Amino acid sequence: MLFRQLFDPETSTYTYLIADETTQEAVLVDPVLEQVERDFTLLEQLGLTLRYCLETHVHADHITGTGKLRERTGCLGIVPENAIVNCADRWIKDGEIIEIGDVKIQAIATLGHTDSHMAYLVNGDRLLTGDSLLIRGCGRTDFQSGNAGLLYDHITQKLLTLPDQTAVYPGHDYQGRTVSTIGEEKQFNPRFVGKDRNSFIEMMNNLNLPNPKKIAEAVPANQQCGNQA
């Protein structure tokens, strides 16, 4: 398997390139509009055929590159079930598996940051967590139908129950950290260590964070696969 972590400095967004080296089929997870040329060039350089652009959720902080990449490559755009994205080619359900060659990508519903969010477990040992579980943190729950109780339930019951050695690759990191593990997050993540469901909800409801700079343009654009009005 080929696995690459790519970074957008403006929004601190990680995009993930996953490919089967035998079939040379590829998936991009959470592509960013401003990085489409970078991603397309890398696909060409590595001789890969892009089959899918896969979203963890409808993003509020950046505009997806899925629409442009679909125009360039003919790939399919896939979003979590219940996401309001009418231009998507497919909606992926909890537990569903995408296969490219010998690579298996399993969707794990991780609601709470938004009301339609998936983490993706790649070949059983790498977890792309989107904006649900972050390195020493978690996604906010104060807009886009967020729900702190749901986020706590999904992270503690579906993600933190995976093997400790499972690598955690988040959708963002604002401090330059690139990877963690489930074992590390169980031990050191201050959002969960020593917290029960009620104290987690109280903490999340009192974060008082500013809105993402791009929320007004990003959400409607991402509901159109990255096409701006």
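Reading guide: rules and limits
- Residues numbered from 1 in each chain as written.
- Predicted model: local features only at pLDDT ≥ 70, side-chain atom pairs only at ≥ 80, totals over all residues.
- Heavy atoms only, no water.
- Helix = DSSP H or I, 4+ residues; strand = E, 2+ residues; numbered from the N terminus.
- Buried < 20%, exposed > 50% of the residue type's maximum accessible area, 1.4 Å probe, protein only.
- 1 Å grid on protein atoms, 1.4 Å probe; cavity = no way out; pocket = protein on both sides within 12 Å on 5 of 7 lines; lining within 4 Å.
- Points joined across faces, edges and corners; volume = space filled by probe spheres on them.
- Nonpolar A, V, L, I, M, F, W, Y, C, P; charged D, E, K, R; others polar.

**Points about unusual backbone geometry**
- We note that Asn123 has phi near 50 degrees; this positive angle belongs to a residue other than glycine.
- Looking at the element boundaries, Asn123 is found in the loop between strand E9 (118–122) and strand E10 (126–130).
- Take Asn123: its relative accessible area is 35%, and that puts it in the partly exposed class.

**Side note on empty space enclosed by the protein**
- Going through the model one piece at a time under the given rule, you end up with one cavity of 30 Å³ or more.
- Counted as a void, the largest cavity has a volume near 100 Å³.
- In this structure, the largest cavity is lined by 15 residues; those nearest its centre are Glu55, Thr64, Val79, Val85 and Asn222.
- With four residues, the single largest contributor to the lining of the largest cavity is strand E5 (residues 76–80).
- Each residue belonging to the lining of the largest cavity can be placed in one class, and the counts come to eight nonpolar, six polar and one charged.

**Side note on the layout of surface pockets**
- Size it by volume and the largest pocket reaches roughly 620 Å³.
- If you trace the largest pocket, you find 23 residues lining it, with Asp61, Arg140, Tyr174, Pro210 and Pro212 closest to the centre.

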